[in-house]
Amino acid sequence: QVQLVESGGGLVQAGGSLRLSCAASGTIFGIRVRAWYRQAPGKQRELVASITDGGITNYADFVKGRFTISRDYAKNTVFLQMNSLKPEDTAVYYCSAMKGTSRSWGQGTQVTVSS
C-alpha cells in the first residue's frame, strides 16, 4: 500500500502564494503518476496538475501559468507551488498516486484564499 501525507495548506490573501507538499511512503515502487486534485464545497473533485515518473507535467487550464508541480525523487515527495492565488482556488487539495490501476489518496489539506 501507498501512504500519502499532504502539508502546507492554510489561509492566504488573494494574490499570495502557498506551497503544498505530499510525501509518499509504503510500497512506492511502481508509482507512475503523482497528481494534485482539489474539491471545493458542493463541487466535484477535479484534477489540478500531474507529473509522471519521467517528469512530464500536465495542468488544468485554470491553473496554467500560476501553479507548478514538481517532485523530489530522493524524498518521494511531490510539491505544488501555487502563486497568484484567487478566492476561487479555495478548496481541499488532495495528493494522489497511480500505481498500475490503483489510485491512492492523501487525507487532504485545506487551502483558503481570502479576497
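Residues numbered from 1 in each chain as written. Predicted model: local features only at pLDDT ≥ 70, side-chain atom pairs only at ≥ 80, totals over all residues. Heavy atoms only, no water.

A. Up close: the overall build of the protein chain. A count of helices and strands for the protein chain gives zero helices and 11 strands. Reading the helices (α) and strands (β) of the protein chain from amino to carboxyl end gives β-β-β-β-β-β-β-β-β-β-β. Here the protein chain has a C-alpha radius of gyration of 13 Å; the compact-globule value for 115 residues is 13 Å, and the two agree. C-alpha atoms of the protein chain, sized along the principal axes, occupy 40 × 25 × 20 Å. The buried share of the protein chain, reckoned over its 115 residues, is 43%. Sequence separation of 24 or more characterises 52% of the internal contacts of the protein chain that already satisfy a separation of 6 or more. Of the side chains in the protein chain, 13 bear a positive and 7 a negative charge, and the two mean positions are spaced by 4 Å. (Helix = DSSP H or I, 4+ residues; strand = E, 2+ residues; numbered from the N terminus. Rg over C-alpha atoms; globule rule 2.2 N^0.38 Å. Buried < 20%, exposed > 50% of the residue type's maximum accessible area, 1.4 Å probe, protein only. Contact = heavy atoms within 4.5 Å. Lys, Arg positive; Asp, Glu negative; His and termini not counted. Charge placed at Lys NZ, Arg CZ, Asp CG, Glu CD.)

B. Summary view of unusual backbone geometry. We note that N76 has phi near 55°; this positive angle belongs to a residue other than glycine. Here the phi dihedral of S84 falls at roughly 50°; this positive angle occurs in a residue that is not glycine. Considering the arrangement of structural elements, one finds S84 in the loop between strand 8 (77-82) and strand 9 (91-99). For S84, a relative accessible area of 41% gives the class partly exposed.

C. Region of the structure containing the sheet that holds strand 1 (residues 2-7). Strand order across the open sheet formed by four strands is 1-3-8-7, with antiparallel pairing between neighbours. The open sheet has two edge strands with one neighbour each: strand 1 and strand 7 (67-72). Taking the axes of each pair of neighbouring strands and ignoring which way they run, one obtains an average angle of 20° across the sheet. Relative to strand 3 (residues 18-26), strand 1 runs antiparallel, the two sharing six bridges. Paired with L4 across the bridge in strand 3 is A24. (Pairing = 2+ DSSP bridges. Axes fitted to C-alpha atoms, helices over the stretch in contact; angles between N-to-C directions.)

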